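One-letter residues, chain by chain:
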Amino acid sequence: EPNGRKITVALIQGGITSDWYGRINSAEEILDVYERLSLESSRVKPDIIIWPEFAIMKDIKQDNYFYDRISNIAKNTNAILVFGSIEVTDETDPQFNNIKNITHVFNRDGSYLGGYIAVLPFVFNGRIVNGQEFTVFNTDVGKFGITSCEEETYGFIDKIYTKDGADFLINVSNDEPIKNMYIRKIKSMHSQFSASENNRYLIRSTNTGFTEVINPFGKIEAEISPNKEGYLTADIYVK
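Here the structure is a predicted model, which means the values were calculated and not measured.

A. Fine view of the side chain of Glu151. Within the fold, Glu151 resides in the loop between strand E8 (142-148) and helix H4 (155-163). No salt bridge forms around the buried Glu151; measuring N to O, its nearest opposite-charge neighbour Lys187 is 9.9 Å away. Discounting chain neighbours no more than four positions away, the residues touching Glu151 are Tyr116, Ala118, Val119, Leu120, Phe134, Ile146 and Ile157.

If you want it as structure tokens, here you go:
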């Protein structure tokens with residue numbers, strides 16, 4: 001039986017099948033999808049809403065329109081908002097090499113809490129610039145650490161977060177390029193291992209699946225069917 005303080009989570013699965021540049025060129029239309037699904041999920045009053053890795057292919061720190069819209073989504077849903085994006089560097093080229101794989105965190109009031117830059121990102125379509133530290137975010141719903149995509153396969157990262165006081169764990173992934181569903185499922189099982197190894201809930205938000213809520217025993221308590229647009233709401237418990 002679950003015990004501890006209850007946190008209601010909403011995981012958004014965008015089901016976006018566009019390629020890298022297609023998602024860059026249609027970032028506003030994609031944001032429309034995530035905004036609509038987030039507002040729909042807010043009916044159950046989630047404490048935290050999570051979008052997947054590379055949900056919004058804009059550097060929001062350099063784009064006031066996207067920053068303001070996303071800040072307002074957090075404010076209008078009264079939820080902490082976590083989502084994957086990109087951050088350009090001085091060396092970013094027209095092919096979007098030399099970017100950072102960043103996961104942003106907004107507070108309920110729309111203020112910016114910070115971002116986690118993937119320390120061990122999957123290198124594809126050019127070079128991704130590595131982050132330098134594993135960050136535990138301290139919020140009014142509790143402390144959590146984030147892994148991005150392939151980082152879930154490195155079990156030591158979630159152990160660092162747990163040692164540093166994380167109450168629960170988050171993974172954001174975009175596994176759409178993995179067409180083989182068996183391989184995609186095998187990758188997601190690393191998050192089940194991490195949940196059980198660290199005795200923590202792990203919530204996994206993906207673009208096309210598998211989006212899941214995993215309990216501290218490594219068991220999947222709730223999930224969305226792969227390759228569809230939708231959202232999942234569930235309760236997790238922290239000590």
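Now that the structure has been shown, the text picks up again.
B. The environment of Leu169, seen in detail. Here Leu169 lies in strand E9 (residues 168-173). A residue is classified by how much of its surface remains accessible, and Leu169, at 0% relative accessible area, is buried. On a C-alpha basis, the gap between Leu169 and Gly155 in space is 12 Å, while along the polypeptide they are 14 residues apart. Leaving out residues up to four positions away in the same chain, Leu169 has contacts with Gly145, Asp158, Tyr161, Thr162, Ser194, Asn198, Arg200, Tyr201, Leu202 and Ile203.

C. Examining the pattern of salt bridges more closely. Under the counting rule described, the total for this entry stands at 16 salt bridges. A salt bridge links Glu35 to Arg69; its shortest N-O distance comes to 2.5 Å. With Glu35 in helix H2 (residues 27-41) and Arg69 in helix H3 (residues 64-77), this residue pair connects regions lying 34 residues apart in the sequence. Look at Arg69 and you get buried, because its relative accessible area is 15%. Linking Glu87 and Lys100 is a salt bridge whose minimum nitrogen-to-oxygen distance equals 3.7 Å. Within this pair, whereas Glu87 is found in strand E3 (residues 80-88), its partner Lys100 is found in strand E4 (residues 99-106), the two being separated by 13 residues in sequence.

D. The sheet that holds E8, seen in detail. Read across the sheet, six strands follow the order E7-E8-E9-E10-E11-E12 without closing on themselves; strand pairing throughout is mixed. Both outer strands of the open sheet, strand E7 (136-139) and strand E12 (220-224), are each paired with one neighbouring strand and no more. Across the sheet, the axes of successive neighbouring strands diverge by a mean angle of 20 degrees, strand direction being ignored. The sheet contact formed by strand E11 (residues 211-214) and E12 spans four bridges and is antiparallel. Within E12, the residue paired with Ile214 across the bridge is Ile220. The strands that H4 touches are E7, E8, E9 and strand E10 (202-206); relative to E8, the one it contacts most, it runs at about 165 degrees.

Cut-offs used in this document
Residues numbered from 1 in each chain as written. Predicted model: local features only at pLDDT ≥ 70, side-chain atom pairs only at ≥ 80, totals over all residues. Heavy atoms only, no water. Helix = DSSP H or I, 4+ residues; strand = E, 2+ residues; numbered from the N terminus. Buried < 20%, exposed > 50% of the residue type's maximum accessible area, 1.4 Å probe, protein only. Lys, Arg positive; Asp, Glu negative; His and termini not counted. Salt bridge = Lys/Arg side-chain N within 4 Å of Asp/Glu carboxyl O. Contact = heavy atoms within 4.5 Å. Pairing = 2+ DSSP bridges. Axes fitted to C-alpha atoms, helices over the stretch in contact; angles between N-to-C directions.

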